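Here is how the chains run, residue by residue.
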Amino acid sequence: MKKILLFAILTFSLASQAQKSFYKGAIVVDVRTGFELYNTTLKSTSTNGSTSRDTVDTDKAADTHFGFGAEYGLHKYLGVGFAINKHKFLNEKDSATGQKADTRSTDINLAVNFHAVSSKKFDLVLGTDFGISNFHFGTNDKVNTVLTGKGMYASFYVNPRIYFGPVGINFRLFTPMFSYKNVTTNNADFNKNNTIHQLKGAAAWGVSFGIQYRFMKESGGTSSGASH
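The sections below set out a description of the structure shown in this document. Just so you know, these numbers come straight off a predicted model, no measurement behind them.

**A look at the overall build of the chain**
Working step 1: On a plain count of helices and strands, the chain comes out with two helices and eight strands.
Working step 2: Scanning the chain from its N terminus toward the C terminus, one meets helices and strands in the order α-β-β-β-β-β-β-β-α-β.
Working step 3: In the chain, which comprises 228 residues, the share counted as buried stands at 37%.
Working step 4: Long-range contacts, defined as pairs at least 24 residues apart, comprise 65% of the intrachain contacts of the chain with a sequence gap of at least 6.

Printed below as a string of structure tokens:
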């Protein structure tokens, strides 16, 4: 029994001293690209004379995105940072104009990551990011109507990272959402009779692929850093 206990203590001690891919003081930057699919809801009110009509339209939307992020290790299990994402939505040609709408958004987020499993070459991240977002929808109609809005973006994700020294690749599976309230347009005639209260995307999923680079050695430890 004593031998088993001694072996367990020794194993735990060696594991605690093993090289980690994430640690306090680590700085990790990454770039990624991917795809997102949303269920969207558009709430609006149209006015005709003295009568008004509230409408809720539901649809689906998809986009491709490019993102950049940076993270700092507060603890071997916890990191905080920021992420910037640029989205380009996929649109079909309008049957009347033959043009595609120009739909895009940009968000800037705070990221919080929990590093559930960290070994020399593997890091399993569970995280969330949330922040501000802006939306641009150019209809490409005859009067060049443009809809714009500001709101929020958030996502929850599972993000496995594989390392080859300080460089590595990562994959992300996530559930994003966005919400823009009081969307406005540059079309005065449209604005007289229409009010867009909210454009929302939820019940969504996304995937991405990226590369990351880790700066800084673990202080007092043996984990690899940028100098390797």
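The structure having been displayed, the exposition proceeds.
**Some thoughts on empty space enclosed by the protein**
Working step 1: Tallied over the entire structure, the rule returns three cavities of 30 Å³ or more.
Working step 2: Counted as a void, the largest cavity has a volume near 100 Å³.
Working step 3: Lining the largest cavity we find 14 residues, and of these Asp-30, Phe-82, Ala-111, Asn-113 and Arg-172 sit closest to its centre.
Working step 4: Of all the elements in the fold, those that place two or more residues in the lining of the largest cavity are β1 (27-48), β2 (51-73), β3 (78-89), β4 (102-118) and β6 (146-164).
Working step 5: Class assignment for the residues of the lining of the largest cavity results in six nonpolar, two polar and six charged.
Working step 6: What lines the second largest cavity is Arg-32, Glu-36, His-65, Asn-85, Asp-129, Tyr-153, Ser-155, Arg-172 and Phe-174.
Working step 7: Contributing elements (two or more residues each) for the lining of the second largest cavity: β1, β6 and β7 (167-185).
Working step 8: Per-class residue counts for the lining of the second largest cavity are two nonpolar, three polar and four charged.

**Notes on the nonpolar core**
Working step 1: Ranked by size, the top nonpolar core spans 16 residues in total, and within it Tyr-38, Phe-178, Tyr-180, Val-183 and Leu-199 carry the most contacts.
Working step 2: Examining the composition of this core, we find that four residues originate from one element, β7, more than from any other.
Working step 3: Those residues in contact with Phe-178 that lie beyond four places of it in its chain are Tyr-38, Thr-40, Phe-89, Met-152, Tyr-153, Leu-199, Lys-200 and Gly-201.
Working step 4: In terms of nonpolar packing, the next biggest core, distinct from the first, is built from five residues, Phe-22, Ala-26, Val-28 and Tyr-163 among them.

**Some remarks on the sheet that holds β7**
Working step 1: With antiparallel pairing, eight strands are arranged side by side around a closed barrel as β1-β2-β3-β4-β5-β6-β7-β8. On average, each strand axis in the sheet is tilted by 20° relative to the strand beside it, whichever way the strands run.

**Observations concerning the layout of surface pockets**
Working step 1: As a volume, the largest pocket reaches approximately 910 Å³.
Working step 2: Mapped onto the lining of the largest pocket, the elements with two or more residues apiece are β1, β2, β5 (122-138), β7 and β8 (194-215).
Working step 3: If you tally residues by element for the lining of the largest pocket, the top one is β2, at six residues.

**Description of the side chain of Ser-118**
Working step 1: Note that Ser-118 resides in strand β4.
Working step 2: For Ser-118, a relative accessible area of 15% gives the class buried.
Working step 3: Within the structure, Ser-118 has its side chain in polar contact with the backbone nitrogen of Phe-22 (distance 3.1 Å).
Working step 4: If sequence neighbours within four positions are ignored, Ser-118 has contacts with Lys-20, Ser-21, Phe-22 and Asp-123.

**Focus on the environment of Lys-181**
Working step 1: The topology assignment puts Lys-181 in strand β7.
Working step 2: Note on Lys-181: relative accessible area 55%, which makes it exposed.
Working step 3: The residues contacting Lys-181, other than those within four sequence positions of it, are Lys-150, His-197 and Gln-198.

**Brief notes about the pairing of β7**
Working step 1: Taken together, the 15 bridges between β6 and β7 define a ladder with antiparallel strand orientation. When the bridges of β7 are listed, Lys-150 appears paired with Lys-181.
Working step 2: Connecting the antiparallel pair β6 and β7 is a turn made up of two residues, with Gly-165 showing a positive phi of about 80°.
Working step 3: Pairing analysis gives 13 bridges linking β7 to β8, with the strands arranged antiparallel. Each bridged residue has a counterpart across the sheet, and for Tyr-180 the counterpart in β8 is Leu-199.

Conventions adopted
Numbers given to residues run from 1 along each chain, matching the order in which its sequence is written. Side-chain atom pairs in this predicted model are given and counted only at pLDDT of 80 or more, local residue features only at pLDDT of at least 70, and totals for whole chains, interfaces and linings cover all residues. The side-chain quantities take in all heavy atoms of the structure and omit both hydrogens and water. By definition, any uninterrupted DSSP run of H or I lasting at least four residues is a helix, any uninterrupted run of E lasting at least two residues is a strand, and each is numbered from the N terminus. Buried, partly exposed and exposed residues are distinguished by accessible area as a fraction of the type maximum, computed with a 1.4 Å probe on protein chains only: under 20%, between the cut-offs, and over 50%, respectively. Between two residues, a contact is recorded if the distance between any of their heavy atoms is within 4.5 Å. A cavity here means a set of 1 Å grid points, computed over protein atoms only, where a 1.4 Å probe fits but cannot escape. A pocket is an open set with protein on both sides within 12 Å along at least 5 of 7 lines, and lining residues have an atom within 4 Å of a point. Grid points are joined across faces, edges and corners, and a volume is the space filled by probe spheres set on the points. Classes in brief: Ala, Val, Leu, Ile, Met, Phe, Trp, Tyr, Cys and Pro nonpolar; Asp, Glu, Lys and Arg charged; the others, Gly included, polar. Put simply, buried Ala, Val, Leu, Ile, Met, Phe, Trp, Tyr and Cys residues joined by side-chain atoms within 4.5 Å make one nonpolar core. A pair of strands counts as paired when DSSP detects no fewer than two bridges linking them. The angle between two axes is taken between their N-to-C directions and runs from 0 to 180 degrees, where each axis is a line fitted to C-alpha atoms and a helix contributes only its stretch in contact. Polar contact criterion, stated in full: a pair of N or O atoms within 3.5 Å, where within protein one must be able to donate a hydrogen and the other to accept it, and residues adjacent in sequence count only if both atoms are side-chain atoms.

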